[in-house]
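Observations on chain architecture
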Amino acid sequence: MVPNPPHGTPPTHVRGRSDELRALDKALAGSLEGAGRAVVVRGRAGTGKSTLLRRTADRAAASGWRVLRLSGADDGHASASPALAALARPVLDQHDCLPGALRAVLRWSVADGACPQNGLLTYAALRQGLVSLARQRPLLVTADDCRWMDQSALGALTYLSNRLAGTRMALVCAADADAPGTGHEPGPFTDWEATRVRLAGLDEDSARLLLTDHHPRLTPSVRAAVLHTAEGNPRALIDLPKALTPDQREGRAALPDPLPAGPALTADLGPRFRELPDDTRALLAALATGNDASTAAGVAWLAEHVEEYPEALGPAEAAGLVTGDHRPRFTSRVHRCLAYSTASASARSRAQDLWMAYEDARSSGAAGALEEAFADGDRLDRLDALARTALAKGAWISAVRSLRQAADLCTRPGERARRLAAAAATAARCGQPGLALALVGDVDTDGDATLARTVALVRACAGFDSGADRPLLTGGGSSPLADALVSGPVLGVDGRDWAVFRLATVSMLTRRPEPVRAAWRWLEDRGATGGALGLAVSAHLDPMGRLASIRRGLRGVSETMAREPDSFGLQELVWLAEAASRIEDGALAVQLASAALRRADENGRAELHHCRALRAEHLMAVGLWAELADTVPGWIQEADDEGLTRHGIALRSHLLLISVFQGKRAEAEALMDVIGRWARAQGSVHHQEVVEYAAFLLARGEGRAAGGAEALPLLSAAGPARSGVARRAYVEVLRAALDRGDLRAAHAWVAEAERVDVGSLSPGAMLLVRHGRAVLAAHQDADDAPELFRAAHESAMASPRLLDRAGFALDYGSWLRRRRETAAARSQLRYAYDEFARLQAVPWWHRARLELRAIGESVRTQPEAATAPEAFSLSAHEWRVARFAADGLSNREIAEQLRISPRTVASHLYKMFPRLGISSRRELGPALREAGRAHR
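Since this is a predicted model, take the numbers as computed values, not measurements.

**Description of the overall build of the protein**
- Counting its regular elements, the protein contains 47 helices and 7 strands.
- The 936 residues of the protein split such that 55% are buried.
- In the protein, of all internal contacts separated by at least 6 residues, the share reaching a separation of at least 24 is 67%.
- Looking at the protein as shown, the accessible area adds up to about 40000 Å², and 50% of this sits on carbon and sulfur atoms.

Here's what the structure looks like:
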């Protein structure tokens with residue numbers, strides 16, 4: 001094999017090319033053994049073909065190979081063939097390589113430069129000479145830019161490629177992906193006996209590393225835009241940011257759409273666009289002006305209303321720049337950038353007119369002639385009209401684009417500022433905080449009260465969503481969101497309802513009541529406390545005190561949705577899902593969030609990410625950890641790319657707890673570092689509690705002392721009524737107090753939960769409260785410990801939280817073992833052992849294993865690999881129980897049908913729900929239908 005060169009490291013362009021490099025190394029290794037090889041490397045411009053060739057040539061040269069480097073870019077005219085001359089030069093320089101007659105033929109052919117009349121004789125002479133050189137030391141020929149080579153050079157390479165067997169020669173050529181003969185179409189490479197290596201775009205990780213290497217200071221939203229546009233093209237990754245201004249690269253100014261092509265892309269690919277006819281270039285500019293979502297729908301309209309469309313599209317298709325029949329699209333997003341960047345000012349203006357006409361036609365449903373669409377008003381008025389129509393329909397992305405284009409046409413600073421502020425308010429509403437902040441970055445309110453209100457609202461809402469490096473609350477305890485809730489008109493989308501919702505979230509994060517109280521006062525002043533938003537704010541304000549009214553409201557929602565599935569809008573579904581989540585009605589929360597996710601499109605990115613966090617919480621609760629681990633990292637990346645850092649941190653918190661539960665220390669510590677730094681900078685007590693809880697569990701899982709006075713101070717201070725994390729850690733906080741011998745603190749913790757009746761919140765909360773009581777009674781060897789454990793066991797059957805049920809079974813089984821009730825202990829410990837193994841909760845699994853061994857059970861030394869739950873693994877008896885329950889029968893009615901006890905029915909359902917991936921009886925019907933399809 002070819003060893004690595006002794007100097008330096010491969011260029012960054014080679015990132016993610018391990019498979020391609022292995023193919024080239026294999027070819028060279030075969031040539032060393034006398035089995036000469038030819039390789040054709042193909043890929044789009046900018047994918048690193050030349051870099052790969054240079055890297056291969058450098059490695060071969062460092063290993064002692066003779067290297068001949070050819071390039072079609074050197075072929076400047078038809079009367080000479082530099083590539084053929086470079087190939088023949090070493091043969092002609094050594095007099096003993098060829099007989100005199102063959103040397104003369106070769107010298108004459110090189111001097112003439114044209115395709116030799118007796119080509120076979122020339123090529124045979126060239127091959128004989130190169131084979132003679134390869135006997136002295138192995139020979140590598142690299143040929144770049146083959147599509148620019150003349151016919152004589154291509155003929156020589158083709159002749160050589162088919163006659164390398166038995167030689168110590170290797171031939172590596174690079175060609176564009178759309179060059180003739182590199183694919184299925186005929187051309188000079190079609191008949192080559194060669195290995196084909198295709199360079200696709202870099203994978204996502206390699207693309208990110210390359211972009212970070214060259215442009216480390218890009219903001220997340222700018223980095224995401226470049227990655228999206230480049231599609232893994234190394235040259236585009238390096239070049240696109242160079243065309244941006246420093247303010248654009250650092251997020252202080254809005255990005256243009258499409259992104260401008262950088263200097264290298266323009267120099268390399270720009271001529272392919274400039275050589276096209278004017279009509280074609282104008283049409284491509286029109287296609288490039290529409291964004292990714294509107295282009296597919298609008299191209300058909302363009303085809304119908306632009307007379308020159310069919311003829312103009314042909315040259316672009318022939319050049320490989322667009323593809324498709326009725327709805328053409330650019331073959332790459334980089335081509336879209338170049339189509340717009342290389343277009344003339346008049347072509348861009350014409351393109352904007354075309355899209356305004358399309359938006360007019362789409363809004364009005366008219367299909368008139370193009371001239372009629374331009375009849376009324378100037379461009380600025382029409383853009384304003386389009387923006388108003390888009391805002392009325394909730395088409396936020398179209399509204400932002402129209403408002404930004406209108407702002408660019410304004411000559412008066414005040415009018416421009418108002419349109420930018422309207423665009424920013426709309427961008428903040430649809431989940432683009434980075435763009436929103438950039439649009440109002442240099443806006444001067446200049447005494448305009450409406451403009452000032454809008455700018456303050458945008459900065460507060462977008463700053464909160466982006467997780468900017470500033471605390472959630474000011475030094476005085478107020479929130480910028482509360483300060484932005486001022487009466488009066490605003491520009492663009494009125495985002496004050498979302499500001500109210502965010503204020504409630506601020507209270508949850510900071511454990512301070514002032515923000516949610518301000519949100520509630522705002523709703524009270526407007527008589528809006530009874531709607532979906534009122535329910536969500538109420539659930540944050542006082543979930544225990546208002547539990548009955550919240551449940552009544554959500555019950556009404558469920559009944560309404562059963563009758564009219566589309567009765568609630570997207571944002572109402574999100575608010576209602578949040579209310580259900582706050583009172584721990586997980587089944588309803590995930591039902592509402594799923595309905596919202598089905599409706600969310602490009603205009604609902606804010607709602608999308610919030611619902612994903614609720615979905616992740618549900619997956620963690622019901623034990624679908626493998627699905628969570630597969631899905632959530634992609635969601636986190638999307639949130640980070642879109643500048644929604646707070647949503648990314650929320651999702652990371654769920655991954656952190658799963659990592660801790662499974663004993664993955666390195667992964668957990670990395671997540672704790674990220675979450676902890678963000679929480680401290682933002683003043684998020686909630687996330688600091690998550691990190692504290694995770695650190696405590698890691699210490700206990702490894703058998704280290706976690707009890708001391710410093711253990712769980714935040715969670716102990718928060719209390720189970722106010723903090724969802726404290727409820728999640730209820731038993732651990734109690735256990736920590738017992739471990740350090742602080743019975744007073746343990747009793748106070750249990751008494752606080754009983755005082756506010758935390759158990760009434762949900763079946764899961766009831767299990768934790770009763771579990772805690774039983775643990776405290778067992779610690780004190782109280783007489784009522786058996787009764788308390790039995791009560792907790794009944795609650796466990798109703799709880800949807802798989803880990804909590806298994807954790808209780810472990811404690812219950814351990815207590816029974818100490819009481820020498822071996823049979824009962826075995827049942828509980830075996831259940832805990834099996835569930836921990838399925839969850840891969842290794843620290844808990846080891847504890848269950850030790851307990852089972854203590855009663856003489858034979859168990860594995862390592863848990864089996866986790867498998868995804870299979871609904872159709874239910875036994876026939878379990879299927880019957882499940883079907884009766886899905887039909888609405890009670891446990892007693894099912895027991896009468898099957899002649900078993902109601903407790904047995906409850907036990908079956910208790911064990912079935914995690915395997916079906918559900919948490920309530922109402923989900924049984926769909927789950928069983930899906931299971932039946934999977935089984936068939």
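Having seen it, we continue.
**A few points about the pairing of strand E1 (residues 37-43)**
- Burial within E1 is extensive, with 6 of its 7 residues counted as buried.
- Where E1 and strand E4 (residues 169-176) come together, 7 bridges link them in parallel fashion. The partner of Val40 across the bridge, within E4, is Cys173.
- Judged from the 5 bridges that link them, E1 and strand E5 (residues 195-199) form a sheet pairing that is parallel. The residue of E5 that forms the bridge with Gly43 is Leu199.

**Remarks on the packing of aromatic side chains**
- For the structure shown, the criterion picks out 14 aromatic pairs.
- For the ring pair Phe661 and Trp844, a centre distance of 5.8 Å and an interplane angle of 80 degrees mean the geometry is edge-to-face. Residue Phe661 is found in helix H32 (residues 645-661), and its partner Trp844 is found in helix H43 (residues 842-854); the two are separated by 183 residues along the sequence.
- A centroid spacing of 4.6 Å and a plane angle of 25 degrees characterise the contact between Phe789 and Trp815, whose relative ring orientation is stacked. Here Phe789, found in helix H40 (residues 785-798), pairs with Trp815, found in helix H41 (residues 802-818); they are 26 residues apart in sequence, far enough to count as distant. In terms of burial, Phe789 and Trp815 fall into one category: buried.

**What about the nonpolar core?**
- Val537, Leu554, Leu656, Phe661 and Phe836 are the most contacted members of the largest nonpolar core, which has 147 residues in total.
- Contact partners of Phe661, with chain neighbours within four places excluded, come to Met620, Trp625, Tyr693, Leu697, Leu803, Gln840, Ala841, Val842, Pro843 and Trp844.
- One finds Ala125, Leu133, Leu139 and Leu157 within the second-largest nonpolar core, a separate group that totals 41 residues.

**Brief notes about the confidence of the model for the protein**
- For the protein, the average pLDDT comes to 81, and 83% of its residues sit at 70 or higher.
- Across residues 179-187, confidence stays below pLDDT 50; counting only partners more than four residues off in sequence or on other chains, it has 19 contacts.
- Note on residues 366-377: pLDDT is under 50 here. Beyond four places in sequence and across chains, it has 18 contacts.

**Points about a negative patch on the surface**
- Side chains of Asp781, Asp783, Asp784 and Glu787 sit close together on the surface and give a patch of like negative charge.
- Tracing the chain through its elements places Asp781 in the loop between helix H39 (763-779) and H40.

**Focus on the sheet that holds strand E3 (residues 139-144)**
- Taken together, 5 strands build an open sheet; the order of strands is E2-E3-E4-E1-E5 and the sheet is parallel. Every interior strand has two partners, whereas the edge strands, strand E2 (66-71) and E5, have only one. For this sheet the average axis-to-axis angle between neighbouring strands, irrespective of direction, equals 15 degrees.
- The pairing of E2 with E3 spans 6 bridges and is parallel.

**Some thoughts on the environment of Trp678**
- With respect to the element layout, Trp678 can be found in helix H33 (residues 665-682).
- Taking the relative accessible area as the measure of exposure, Trp678 reaches 9% and is therefore buried.
- Residues Trp678 and Arg470 lie 208 residues apart in sequence; the distance between their C-alpha atoms is 9.9 Å.
- Residue contacts for Trp678: discarding those within four places in its chain leaves Gly467, Thr645, Arg646, Ile649, Ser684 and His687.

**Description of the side chain of Thr280**
- Take Thr280: it is sitting in helix H12 (residues 278-289).
- With near-sequence residues (within four places) excluded, Thr280 lies in contact with Ala312, Pro315 and Ala316.

**Regarding helix H19 (residues 396-409)**
- Here H19 contains 14 residues, and its C-alpha end-to-end distance of 20 Å stays within 8% of the 20 Å for a straight helix at 1.5 Å per residue.
- By the criterion of burial, H19 is predominantly enclosed, with 12 of the 14 residues buried.
- When we look at burial in H19, the residues that qualify are Trp396, Ile397, Ser398, Ala399, Val400, Arg401, Ser402, Leu403, Arg404, Gln405, Ala406 and Ala407.

**Focus on the packing of helix H27 (residues 547-563) against helix H29 (residues 586-599)**
- The interhelical angle for the contact between H27 and H29, taken along N-to-C directions, is 50 degrees, at an axis separation of 12 Å. Taken together, the axes of H27 and H29 are oblique relative to one another. The crossing of H27 and H29 is left-handed. Where H27 approaches H29, its residues Leu554, Val557, Ser558 and Met561 are matched on the opposing element by Leu588, Leu592 and Ala595.
- Across the contact of H27 with H29, the residue classes break down as 6 nonpolar, 1 polar and no charged.

**Regarding the environment of His540**
- Counting through the fold element by element, His540 comes out in helix H26 (residues 532-541).
- A relative accessible area of 8% means that His540 is categorised as buried.
- With 27 residues separating them in the primary sequence, His540 and Pro513 have C-alpha atoms 9.2 Å apart.
- Those residues in contact with His540 that lie beyond four places of it in its chain are Ala504, Thr505, Met508, Val516, Glu578 and Arg582.
- Within polar-contact distance, the side chain of His540 engages the side chain of Glu578 at 2.8 Å.

**With respect to unusual backbone geometry**
- Omega for the bond connecting Asp257 with Pro258 falls within 30 degrees of zero, at 0 degrees, which places this linkage in the cis form.
- The residue Pro258 is located in the loop between helix H10 (246-249) and helix H11 (263-274) in this model.
- Of note in this structure, Asp757 is not a glycine but carries a positive phi near 55 degrees.
- With respect to the helices and strands, the residue Asp757 is situated in the loop between helix H38 (743-755) and H39.
- On the basis of relative accessible area, Asp757 is assigned to the partly exposed category, the value being 41%.

**A few points about the packing of helix H37 (residues 730-739) against H38**
- At a minimum axis distance of 7 Å, the contact between H37 and H38 shows a crossing angle of 155 degrees. Relative to H38, the element H37 lies roughly antiparallel. In this structure, the crossing between H37 and H38 has a hand that is left-handed. From H37, Tyr730, Val733, Leu734, Ala737 and Leu738 reach across to H38, where they touch Leu743, Ala745, Ala746, Trp749, Val750 and Ala753.

**Structural notes on the pattern of salt bridges**
- Overall, the coordinates contain 41 salt bridges when judged by the stated rule.
- Across the salt bridge formed by Glu584 and Arg801, the nearest N and O atoms sit 2.9 Å from each other. Of this pair, Glu584 sits in the loop between helix H28 (570-582) and H29 while Arg801 sits in the loop between H40 and H41, placing them 217 residues apart in sequence. Here Glu584 and Arg801 have matching classes, each one buried.

**Observations regarding helix H2 (residues 49-62)**
- In this model H2 runs 20 Å from its N-terminal to its C-terminal C-alpha over 14 residues, within 8% of the 20 Å that 1.5 Å per residue would give.
- What H2 keeps buried is the set Lys49, Thr51, Leu52, Leu53, Arg55, Thr56, Ala57, Arg59 and Ala60.
- Phi for Gly64, located one or two positions after H2, is positive at around 100 degrees.

Rules of the game
Residues numbered from 1 in each chain as written. Predicted model: local features only at pLDDT ≥ 70, side-chain atom pairs only at ≥ 80, totals over all residues. Heavy atoms only, no water. Helix = DSSP H or I, 4+ residues; strand = E, 2+ residues; numbered from the N terminus. Buried < 20%, exposed > 50% of the residue type's maximum accessible area, 1.4 Å probe, protein only. Contact = heavy atoms within 4.5 Å. Areas by Shrake-Rupley, 256 points an atom, 1.4 Å probe, with all protein chains shown as cover. Pairing = 2+ DSSP bridges. Phe/Tyr/Trp six-rings, centres within 6.5 Å; stacked < 30°, edge-to-face > 60°. Core = buried A, V, L, I, M, F, W, Y, C linked by side-chain atoms within 4.5 Å. pLDDT = per-residue confidence, 0-100. Patch = residues over 30% accessible without salt bridge, like charges linked within 9 Å, V, L, I, M, F, W, Y side chains within 5 Å. Salt bridge = Lys/Arg side-chain N within 4 Å of Asp/Glu carboxyl O. Lys, Arg positive; Asp, Glu negative; His and termini not counted. Charge placed at Lys NZ, Arg CZ, Asp CG, Glu CD. Axes fitted to C-alpha atoms, helices over the stretch in contact; angles between N-to-C directions. Expected span 1.5 Å × (residues − 1). Parallel < 35°, antiparallel > 145°, perpendicular 65-115°, else oblique. Left-handed = near helix turned anticlockwise from the far one by under 90°. Nonpolar A, V, L, I, M, F, W, Y, C, P; charged D, E, K, R; others polar. Polar contact = N/O pair within 3.5 Å; in protein donor to acceptor, adjacent residues only side chain to side chain.

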